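# Breakdown of the fold
What follows is each chain in one-letter form.
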Amino acid sequence: MPTCINLHESGLRRSVRVQELNENKRWNADGTSTKKKNRAHVAFGTVTRKVAWLGGIYALYTTVQMPNHPLPDNPSVASRIVNKFHECNELFDGTINHLHNFALATDLSNNEVFTLSQAMRQDDRTQFIEAMKKEVKDHEEREHWELVLRSTIPESARPIQAIWSLNRKRFPDGTLNKHKARLCAHGGMQTWGENYWETYSPVLNMLTVRLILPIAHIHKLDSKSIDFVLAFPQAELDGDIWMALPKGFAPKGDEDHPSKYVLKLKKNLYGLKQASFNWFDKLKTGLVDRGFKLPILQERDDCDHVR
């Protein structure tokens, strides 16, 4: 059975290095803990007196009654135990204080995202290599770039680096789903005003989702979600961008000189500064061409389109 995750820290984006540093700060060189015990400024006496005080104060302001679930005739010991568990687990307002199943999701020591050098040191590096081949094949089949000689690009052009992001994708129960490889452009090497201009793209407000789903349920409308495969590269680029060949790959016929070639990007690649802006503009144009439009409201969600 997987260990329970820490619900207080499960959503925080903390690297393994920061977690290890914080863990090391908790212990001294001699092995003793650096934590200080917090002592109350006011003491109420023994533990029994504290419980009695708290129980009395709680009883003054609340009306608590132990739930009573009926039992069948001649119940077994197991039935009594299960019944008592449900009685203790029920709140005084009639709701059930149960543990959600996702609280038993696998607690992973990290998010299992690797760089290329880290992935090649893993025992399953063969699967990562296959995932990299599939990623490059998908881009080439969709003609997201063009292989050109480095000598043919303008002298002022500065090719940006290609970065591999590899990870193990898992199901909610912790079992392995697949090995994923994502080829990204090094957006940090781009220059504003030269390689890109706009970067902002709006994000759907959760209030819109919470409004649309009840409306669809009340009026019995169909609700569907769409997952775009290689979403960002479906958008066009607004300028010429050259990228170095990804590590581990070389052009056919000239494998010994990969540095002589660069990739001229024809589509919007992950990692570019303007990637999200270009993708939202592409998606918005597609929706408008199909008859969708923004609602006429003073305070509206730019991601909400109606027809």
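Above: the structure in question.
Since this is a predicted model, take the numbers as computed values, not measurements.

## Looking at the side chain of histidine 179
Among the secondary structure elements, histidine 179 is positioned in strand 4 (residues 176-185). At 2.7 Å, the side chain of histidine 179 forms a polar contact with the side chain of aspartate 124. Excluding its chain neighbours within four sequence positions, the residues that come into contact with histidine 179 are Asp124, Gln127, Phe128, Ala131, Asn167 and Arg168.

## What to know about the pairing of strand 6 (residues 261-265)
Of all the five residues making up strand 6, four are buried; the element is thus mostly covered by neighbouring parts of the structure. As paired strands, strand 2 (residues 145-149) and strand 6 are joined by five bridges and run antiparallel to one another. Pairing of tryptophan 145 across the sheet is with leucine 265, part of strand 6. With three bridges joining them, strand 5 (residues 242-244) and strand 6 adopt antiparallel strand pairing. Within strand 6, the position partnered with tryptophan 242 by the bridge is lysine 264.

## Thoughts on the packing of aromatic side chains
One pass over the full model with this rule turns up five aromatic pairs. Here the aromatic rings of tryptophan 164 and phenylalanine 249 are separated by 5.9 Å at their centres, their planes lie at 35°, and the arrangement is tilted. Note that tryptophan 164 is positioned in strand 3 (residues 162-170) and phenylalanine 249 in the loop between strand 5 and strand 6, a separation of 85 residues in sequence. For tryptophan 164, a relative accessible area of 5% puts it in the buried group. Residue classification places phenylalanine 249 among the partly exposed residues on the basis of a relative accessible area of 25%. With a centroid separation of 5.2 Å and 70° between ring planes, the pair formed by phenylalanine 228 and tryptophan 279 is classed as edge-to-face. Of the two residues, phenylalanine 228 sits in the loop between helix 6 (206-218) and strand 5 while tryptophan 279 sits in helix 7 (residues 275-289), which places them 51 residues apart along the sequence. The lysine or arginine in question, arginine 182, covers the ring of tyrosine 270, its NZ or CZ lying 4.3 Å from the ring centre.

Analysis parameters
- Residues numbered from 1 in each chain as written.
- Predicted model: local features only at pLDDT ≥ 70, side-chain atom pairs only at ≥ 80, totals over all residues.
- Heavy atoms only, no water.
- Helix = DSSP H or I, 4+ residues; strand = E, 2+ residues; numbered from the N terminus.
- Polar contact = N/O pair within 3.5 Å; in protein donor to acceptor, adjacent residues only side chain to side chain.
- Contact = heavy atoms within 4.5 Å.
- Buried < 20%, exposed > 50% of the residue type's maximum accessible area, 1.4 Å probe, protein only.
- Pairing = 2+ DSSP bridges.
- Phe/Tyr/Trp six-rings, centres within 6.5 Å; stacked < 30°, edge-to-face > 60°.
- Lys NZ or Arg CZ within 6 Å of the ring centre and 35° of its normal.

On their own, these measurements won't tell you what the molecule is for.
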